[in-house]
Amino acid sequence: MKYFINSLLICLMIISGPLYAENENAWYMSASANINFSAFSKSENLDTQTELSFFIDADYLENYGLSAGLIYQNQGQNSFNDISNSIFFLGGRYHIYPESLPGKLSLSLDAYRESENTTVKTTRTEATGPGPGGTPTMTITTELINDSMEIFNPAISFLNYAKTFYVDLGYTQSKYGSTDPAIGVLTVKQWTPTVGFSFNDQYDWLQFRYYIIDLSNDARSPGVTKTTAGEFKLTHWTKKKENSSLDNVQFILLTGKRLFAVDRDARKVYNLADMQTSTFSMGGNWKPASKNEFYIYAGVENYEDPFSNQNYSNIFLYSGYKKYW
Amino acid sequence: MKMILTKIMTALMFIFVSVDAVSADDAWMRSYTLEAAGQYAAAAQSIEHFLKEIPTHEFATLRSGWLYYLAGNYSRSITHYQTALELNKKSMDAMLGMSLPLMAQARWREAASKTQEVIKISKWNYLAHSRLMVCEDNLKQWDRLKKHAETLSSYYPSDATILVYLARAYSHTNKNGKAREIYQQVLQRYPGHLEASKFLSR
C-alpha cells in the first residue's frame with residue numbers, strides 16, 4: 001500500500017511539475033473518487049465486493065494527457081477470510097490530427113499492476129491407514145502463495161471533428177501470475193473493436209464494443225480458451241431544465257461470455273475467475289456546476305462458475321464524484 | 001561606349017524587374033480570383049512558389065494558412081500559421097488565424113489559448129473575445145462564459161452575439177428567468193433571432 005501511495009505521489013509531482021511553467025490554461029486537471037459495492041447471491045464462495053478507486057487526469061490542451069490511479073478491492077468470502085488487494089493504474093494518451101483524416105487519431109496506453117497478494121494455502125491430506133487410536137491420518141500443510149497481475153492496454157481510436165462517429169481498436173494483454181504450481185501463470189489476450197455514433201441531433205450516442213478474449217491456461221477456467229461478448233452502451237443527454245442538473249443517462253447491456261475482461265472506458269478489471277454471462281446497468285450523471293460531476297449507476301451481472309457450473313448473480317451500486325480544474 | 005552600355009544594362013534591369021513584378025502581380029491576382037471562385041486549394045497553390053523562393057515571406061505564409069483553412073485542410077493551415085508566428089511573434093493575424101482551423105478540429109482549448117494570447121496584447125479585441133466565447137461555449141465552461149460575456153457586453157452593449165452567449169450561460173446554469181431577460185434584449189437588437197425566439201416561446 002505504501003509503495004502505491006509513494007508511486008502515486010511521484011506521478012502527481014511529475015504531472016503537476018510543468019503546470020507552473022506553462023500557460024495557466026494549458027493544463028486541464030480532473031480528479032475522481034469512486035465506490036463500487038457488489039452483493040452476490042447464489043454464489044458458493046463470494047459474498048460481497050467493495051471497490052474504492054481514485055484517479056487523477058492531466059491533459060495538456062488537446063495534445064496529450066497522463067493519468068494515475070489507485071483501485072482498492074475487498075472481497076468478502078462465504079467460507080474463507082476476506083481477500084484484499086490494490087491495483088495501481090497509469091495511463092497516457094497522445095492525439096494526432098492528420099491532414100488525410102477528417103478527425104483526430106488518439107493513441108493510448110494504460111497499465112494496471114496489482115500489488116503482490118500473499119495468501120496462505122492450506123492442504124489437508126487424509127491417509128487411508130489408521131492413525132493413533134485407529135483413526136485415519138490427517139496431514140495439514142500450509143504454504144504461502146503469491147499472486148500478481150499485470151495488464152497492458154494499448155489502443156488506437158478515431159473521432160471525427162463533428163463528434164458524430166467513433167471507432168477504436170484496443171488490445172489488452174493481462175498476465176495473472178501465481179507461485180502455486182497447480183494454478184500457474186495465465187496470459188489473457190483481449191481484442192476490442194469498437195464503433196460509436198450519435199443520433200437524435202447529438203442528444204444520443206450508441207456505442208458497440210466486441211470482446212474477443214483468448215486464454216492461455218485452462219487450469220483457471222476448465223475447457224475455456226476463448227470467449228466473445230458484445231457490449232451496447234446508449235447515452236442520452238438531457239435537455240436542460242430548471243432545477244435539474246441531470247446531464248445524461250446511460251444504459252449498458254452486455255451479452256455473450258466474458259472472462260478476465262478489462263473495460264478501458266470504466267477503468268475496470270474483471271479479475272474474478274468466473275465467467276461473466278450478461279450484464280445490465282443504468283445510471284445518470286449530474287453536473288450541479290460546470291466543474292463538478294456526480295454519477296450513480298446500478299446494475300446486475302450474471303456469472304457462471306466454470307468449476308462447478310453453478311450460476312450466480314451480483315447486484316452492484318457504483319457511485320463517484322469528479323472535480324475539474 | 002561605356003555610357004551606352006550602362007544605359008542598355010539599366011534598361012534591361014528595369015525590364016526584368018518589371019516583368020517579375022507583373023508576374024508576381026498576376027500570381028496574387030490569380031490567387032484572389034480562385035478564392036472568389038471557391039477554389040481554395042488552387043488559390044493556395046498559385047502563391048506556393050513565393051514560399052519556395054522566400055520561405056520567410058510573411059504575407060504568403062499567412063495567406064496560405066487562410067486558404068488551406070477555407071479548403072478544409074486544417075492541419076496544413078495550422079502549420080502555415082505556426083510558421084507565420086515563428087516569423088513574427090507579435091502577429092495577431094497569425095494568432096487569430098490559427099484559432100480558426102483549431103476550432104474546426106474541435107481543439108477548443110488550444111484555440112482558446114491562441115485567442116488569449118491576442119487578448120494579452122490587445123485587451124478588448126472583439127474578434128479574440130468572440131472566438132474565446134465560442135471556445136468556452138463548446139468546453140461547457142458556463143460560469144466562465146457568464147462572467148466573460150457579462151464583462152464584454154459592458155464594452156460592446158449593442159452587440160447581439162455577446163448577449164446570446166450570456167443568455168446561453170444563464171440557461172445552462174439553471175437561471176432561466178435571467179436567460180429570458182437577456183434573450184429579450186437579443187430580440188431588440190436582432191428581431192427574429194432564431195435561438196432567442198425559440199427559447200422565449202417555450
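The residue numbers shown here count from 1 along each chain, following its written sequence. Each chain is given a letter, starting from A, and each ligand a number, starting from 1, according to the order in which they appear as written. Since the coordinates come from a predicted model, pLDDT governs what is reported: local features require at least 70, and pairs of side-chain atoms require 80 or more to be given and counted, while whole-chain, interface and lining totals use all residues. Hydrogen atoms and water are omitted, and side-chain values are computed over all heavy atoms in the structure.

### Remarks on the overall build of chain A
Right, on to step 1. Broken down by element type, chain A carries one helix and 16 strands.
Right, on to step 2. Each residue's exposure class comes from its accessible area (1.4 Å probe, protein chains only) as a fraction of the maximum for that residue type: buried when under 20%, exposed when over 50%, partly exposed otherwise. Looking at chain A residue by residue over its 325 residues, the buried ones come to 46%.
Right, on to step 3. Two residues form a contact once any of their heavy atoms are found within 4.5 Å. Contacts in chain A between residues far apart in sequence, at least 24 positions, make up 56% of those at least 6 positions apart.
Right, on to step 4. Under the convention used here, a 1.4 Å probe and the Shrake-Rupley method define accessible areas, while residue burial counts only the protein chains that appear. Total accessible area on chain A is roughly 16,300 Å²; 60% of this is exposed by carbon and sulfur atoms. Segments assigned H or I by DSSP are reported as helices when at least four residues long, segments assigned E as strands when at least two residues long, and all are numbered from the N terminus.

### As for the pairing of strand β10 (residues 226–237) of chain A
Remark: a regular strand shows side chains that alternate across the two faces of the sheet.
Residues and elements named next belong to chain A.
Right, on to step 1. Strands are treated as partners if at least two bridges between them are detected by DSSP. Relative to β10, strand β9 (residues 204–215) runs antiparallel, the two being bridged by 11 bridges. Pairing of Y210 across the sheet is with G230, part of β10.
Right, on to step 2. The sheet contact formed by β10 and strand β11 (residues 246–258) spans nine bridges and is antiparallel. For F232, the partnering residue across the bridge sits in β11 and is L253.

### A look at helix α4 (residues 58–70) of chain B
Quick reminder: α-helices carry 3.6 residues per turn. Residues three or four places apart thus point the same way.
All names here are of chain B.
Right, on to step 1. Multiplying 1.5 Å by the helix residue count minus one yields the expected span of that helix. Here α4 is 13 residues long and its end C-alpha atoms lie 19 Å apart, about the 18 Å a rise of 1.5 Å per residue gives.
Right, on to step 2. The complete set of buried residues in α4 reads A60, T61, L62, R63, S64, G65, L67 and Y68.
Right, on to step 3. Where α4 ends, the next residue or the one after it, G72, has phi of about 85 degrees, a positive value.

### A few points about the pattern of salt bridges
All names here are of chain A.
Right, on to step 1. Each reported salt bridge corresponds to a side-chain nitrogen of Lys or Arg within 4 Å of a carboxyl oxygen of Asp or Glu. Counted by the stated rule, this structure contains 18 salt bridges over all chains.
Right, on to step 2. D59 is the salt-bridge partner of R93, the closest N and O atoms lying 3.1 Å from each other. Here D59 lies in strand β2 (residues 46–60) and R93 lies in strand β4 (residues 83–96), a separation of 34 residues in the sequence.
Right, on to step 3. Overlapping salt bridges, with partners in common, bring together D168, R209, K233, R264 and D265 in one network.

### Examining unusual backbone geometry
Residues and elements named next belong to chain A.
Right, on to step 1. The phi torsion at K163 lies on the positive side, around 55 degrees, for a residue other than glycine.
Right, on to step 2. Inspection of the secondary structure puts K163 in the loop between β6 (136–160) and β7 (165–178).
Right, on to step 3. A positive phi angle is found at D201, which is not glycine, with a value near 55 degrees.
Right, on to step 4. Structurally, D201 is set in the loop between β8 (186–199) and β9.

### A closer look at the confidence of the model for chain B
Right, on to step 1. For every residue, the predictor states its confidence as a pLDDT score lying anywhere from 0 to 100. For chain B, the mean per-residue pLDDT works out to 90, and 89% of the residues sit at or above 70.
Right, on to step 2. Predicted complex, confidence summary: ipTM 0.76, pTM 0.81.

### Points about empty space enclosed by the protein
Residues and elements named next belong to chain A.
Right, on to step 1. Any residue with an atom within 4 Å of a point lines the site, the site being either a cavity, points on a 1 Å grid over the protein atoms alone where a 1.4 Å probe fits but cannot get out, or a pocket, an open set with protein on both sides within 12 Å along at least 5 of 7 lines. Grid points are joined across faces, edges and corners, and a volume is the space filled by probe spheres set on the points. The tally for this structure, following the rule as stated, stands at three cavities of 30 Å³ or more.
Right, on to step 2. Put simply, the largest cavity is a space of about 100 Å³.
Right, on to step 3. Q49, K268, Y270, E301 and Y303 are the residues nearest the centre of the largest cavity, which is lined by 13 residues in total.
Right, on to step 4. For the lining of the largest cavity, the element with the most residues is strand β1 (residues 27–41), which contributes three residues.
Right, on to step 5. Considered class by class, the residues forming the lining of the largest cavity number six nonpolar, five polar and two charged. Residue classes follow a fixed rule: Ala, Val, Leu, Ile, Met, Phe, Trp, Tyr, Cys and Pro count as nonpolar, while Asp, Glu, Lys and Arg count as charged, and any other residue, Gly among them, counts as polar.

### What about the packing of aromatic side chains?
All names here are of chain A.
Right, on to step 1. The aromatic pairing rule takes the rings of Phe, Tyr and Trp, using the six-membered ring of Trp, and pairs them if the centres are within 6.5 Å, calling planes under 30 degrees apart stacked, those over 60 edge-to-face and the rest tilted. Applying the stated criterion to the full structure yields 23 aromatic pairs over all chains.
Right, on to step 2. Considering the side-chain rings of F208 and F232, the 4.8 Å spacing of their centres and the 45 degrees angle between planes classify their relative orientation as tilted. Residue F208 is located in strand β9, and its partner F232 is located in strand β10; the two are separated by 24 residues in the primary sequence.
Right, on to step 3. For F232, a relative accessible area of 35% gives the class partly exposed.
Right, on to step 4. Measuring from centroid to centroid gives 6.2 Å for W286 and F294, while their planes differ by 45 degrees, and the two rings are tilted.
Right, on to step 5. By relative accessible area, F294 is classed as partly exposed at 36%.
Right, on to step 6. We count a charge as sitting over a ring when the NZ of a lysine or the CZ of an arginine lies within 6 Å of the ring centre and within 35 degrees of the ring normal. Of note, K239 hangs over the ring of Y203, and the distance from its end group to the ring centre comes to 4.9 Å.

### Examining a nonpolar patch on the surface
Residues and elements named next belong to chain A.
Right, on to step 1. Each patch is built from salt-bridge-free residues with over 30% relative accessible area, joining like charges within 9 Å and nonpolar side chains (Val, Leu, Ile, Met, Phe, Trp, Tyr) within 5 Å. On the surface, Y64, Y94, I96, L107, I156, L169 and W191 cluster together into a nonpolar patch covering about 610 Å² of accessible area.
Right, on to step 2. Residue placement: Y94 occurs in strand β4.
Right, on to step 3. Looking at Y94, the relative accessible area reads 46%, which means it is partly exposed.

### Points about the environment of K123 of chain B
Right, on to step 1. Relative to the helices and strands, K123 of chain B is located in the loop between α7 (108–121) and α8 (126–138).
Right, on to step 2. Measuring from C-alpha to C-alpha, the distance between K123 of chain B and R144 of chain B comes to 17 Å, with 21 residues separating the pair along the chain.

### Thoughts on the interface of chain A and chain B
Right, on to step 1. Opposite the 18 residues of chain A that make contact, chain B presents 24 residues.
Right, on to step 2. Once two parts are brought into contact, the accessible area they lose, counted with a 1.4 Å probe and summed over both, makes up the buried area. When chain A packs against chain B, the two sides together hide about 2,000 Å² of surface, and 42% of this comes from carbon and sulfur.
Right, on to step 3. The interface formed by chain A and chain B holds one salt bridge in total.
Right, on to step 4. A salt bridge links E99 of chain A to R76 of chain B; the nearest nitrogen and oxygen atoms lie 3.8 Å apart.
Right, on to step 5. Contacts described as polar in this section are N or O atom pairs within 3.5 Å, which, within protein, must combine one atom able to donate a hydrogen with one able to accept it, while residues neighboring in sequence count only if both atoms come from side chains. Between chain A and chain B we count six residue pairs in polar contact (both at pLDDT 80 or more) in total.

### Some remarks on the nonpolar core
Most often, soluble globular proteins have nonpolar side chains that are buried together.
Right, on to step 1. What is meant by a nonpolar core is a set of buried Ala, Val, Leu, Ile, Met, Phe, Trp, Tyr and Cys residues, joined one to another through side-chain atoms within 4.5 Å. Counting residues in hydrophobic clusters, the biggest one holds 28 residues, and the most contacted among them are Y112, M149, I151, Y176, V188, L215 and F260 of chain A.
Right, on to step 2. Looking at this core, the elements that each hand over two or more residues are β2, β4, β6, β8 and β9 of chain A.
Right, on to step 3. Discounting chain neighbours no more than four positions away, the residues touching I151 of chain A are D110, A111, Y112, T172, Q173, S174, Y176, V262 and V269 of chain A.
Right, on to step 4. Counting residues in each nonpolar core, the second largest holds 21 residues, with L96, M103, A106 and I119 of chain B among its members.

### So, the environment of S198 of chain A
All names here are of chain A.
Right, on to step 1. For S198, the position within the fold is in strand β8.
Right, on to step 2. With a relative accessible area of 15%, S198 lands in the buried category.
Right, on to step 3. It is 29 Å that separates the C-alpha atoms of S198 and T227, two residues lying 29 residues apart in sequence.
Right, on to step 4. Beyond its immediate sequence surroundings of up to four residues, S198 is in contact with K163, T164, D204 and W205.

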